[in-house]
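Report on the structure
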Amino acid sequence: MHPTKVLARFIAGLSARSQPVLLDLGPVVGTNVSFFGEELGCKIIVEDLSKDIDRHVRDGIFDQFPAFLSKRFAQEPGSIDGILCWDLFDYVDKPSAKALGEQLTRLLRADGVLLAFFSTAEPTPGLKPEYTRHVVVDKNNLQHRAYAAARGTQRPLPNRDIQRVFEPLRIVEQFLLKNNRREVLLKKAPEAAGTASVAPSA
Amino acid sequence: MWKRDEAVKPTSGQPATPAAAASTQPANSPAAVQPEARRIERDIVNIGKSVVIKGELNGSEDLTIEGHVEGRIELKDHVLTIGPNGKIKAQVFAKAVIVLGEVNGNVTASEKVDIRDGGSVDGDIISPRVAIAEGAHFRGSVDMQRKGAQPGQQKAASSQPEKPQAATPATSTAQAAAH
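Below or above, wherever it landed, is the structure these notes cover. (Residues numbered from 1 in each chain as written. Chains lettered and ligands numbered in written order. Predicted model: local features only at pLDDT ≥ 70, side-chain atom pairs only at ≥ 80, totals over all residues. Heavy atoms only, no water.)

1. Concerning the overall build of chain A
Across its full length, chain A carries six helices and nine strands. In summary, chain A has a C-alpha radius of gyration of 16 Å against a globular reference of 17 Å for 202 residues, a match within 12%. By its C-alpha atoms, chain A is 55 × 35 × 30 Å across when sized along the principal axes. Restricting the contact set of chain A to residue pairs at least 6 apart, pairs at least 24 apart contribute 71%. Accessible surface computed for chain A: about 9,300 Å², of which carbon and sulfur atoms make up 50%. Where the 27 positive side-chain charges of chain A centre and where its 24 negative ones centre are 2 Å apart. (Helix = DSSP H or I, 4+ residues; strand = E, 2+ residues; numbered from the N terminus. Rg over C-alpha atoms; globule rule 2.2 N^0.38 Å. Contact = heavy atoms within 4.5 Å. Areas by Shrake-Rupley, 256 points an atom, 1.4 Å probe, with all protein chains shown as cover. Lys, Arg positive; Asp, Glu negative; His and termini not counted. Charge placed at Lys NZ, Arg CZ, Asp CG, Glu CD.)

Structure (structure tokens):
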């Protein structure tokens, strides 16, 4: 069992919304789908990016991953209320992180929230690469379940780079946990008063 | 004695409990459970492995599909089970949907969608309860309702559904509640 500080705040950031739309970039976890569905009455879109990473690594085309990410998401800009990145950014290089950050920023609705975990420890050489499946136990606790990965964790992103990756999102909560993990909650600025929202497809 | 038997006889809408059945029949008679078993057998229909259906499938009883279906399946007040050999390329509407095989298409259930180990769904799910087992495959979105909300209430209250499909469960759950 691993404590989480930021998940409760992520949920709180969405709970006032009617039927928010959630984008989960991790693998499908049934209990998570039930948890968020029951807590928020939301629509959850699952886009497991770890499979895309594995495919690019296996095919030896990981250098094309940033370009792939720029076309990966079919959702309309500003259509997502909350994004669960989990620790995905630990597994990509800086160009991919930048491309992914740009896409997620584009998808996020004004006042929307994004949750991401970042390792603060250097990767241990010689270890078998593994992803972590984050299973929500409750608002304050997660279970970690490891599963095979084609690519190991990369060098940790410093705080400055995290801010740059997600610009213009603002870090509203940040926790350094004892398990060498930085939990970050980012938020998109709300629309200025009097600014009418324009439907992207209109 | 006759009147007492009448009093414990199950109504058609409520299945008999073993105790109630025993009180109306001789203790060793299999006739006490046979009608109920026959009724259950009759109410669960199976589409076998070699069957291929293209088009619209409507029904008013529980259905298990082990074959191939393409098109649209509608079992509004009943349970649809996609067996391990079942392959569905269709829009599905049912009270509950249990997936052990493959579904390619959107699934709408007024009660529950259950993707079991080995089951696969490529499409959007709309249901107040969704269970996805560890070994299941799912790609798409899940649209659920908030805990404590009356079924259909939230959807009905929403004046601007995101896409036309979102309006479907409100209609189906409202109908289910009316029965």
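2. Here we look at the nonpolar core
Across soluble globular proteins, nonpolar side chains have a tendency to be buried as a group. Ranked by size, the top nonpolar core spans 52 residues in total, and within it A:Phe10, A:Phe36, B:Ile73 and B:Leu80 carry the most contacts. Ranked by the residues each element gives to this core, the list is headed by strand E5 (residues 87–99) of chain B, at six residues. Ignoring sequence-local partners within four residues, the contact set of B:Ile73 consists of B:Leu57, B:Ile65, B:Leu80, B:Ile88, B:Ala90, B:Gln91, B:Val92 and B:Phe93. Of all hydrophobic cores here, the second largest spans 36 residues; its members include A:Leu25, A:Val92, A:Ala97 and A:Ala149. (Core = buried A, V, L, I, M, F, W, Y, C linked by side-chain atoms within 4.5 Å. Buried < 20%, exposed > 50% of the residue type's maximum accessible area, 1.4 Å probe, protein only.)

3. Regarding helix H3 (residues 49–58) of chain A
For H3(A), the complete set of buried residues consists of A:Leu49, A:Ser50, A:Asp52, A:Ile53, A:Asp54 and A:His56. Those residues of H3(A) that are buried lie in contact with helix H4 (65–69), helix H5 (94–107), strand E6 (130–138) and strand E7 (141–148) of chain A.

4. Digging into the packing of aromatic side chains
Residues and elements named next belong to chain A. In total, this model carries eight aromatic pairs over all chains according to the counting rule given. For the pair Phe-89 and Phe-166, a centre-to-centre distance of 5.1 Å together with 65° between the ring planes defines the contact as edge-to-face. Note that Phe-89 is positioned in the loop between strand E4 (80–86) and H5 and Phe-166 in the loop between helix H6 (159–165) and strand E8 (170–177), a separation of 77 residues in sequence. Assessed through its relative accessible area of 2%, Phe-89 is described here as buried. With a centroid separation of 4.7 Å and an interplanar angle of 55°, the aromatic rings of Tyr-91 and Tyr-131 are classed as tilted. (Phe/Tyr/Trp six-rings, centres within 6.5 Å; stacked < 30°, edge-to-face > 60°.)

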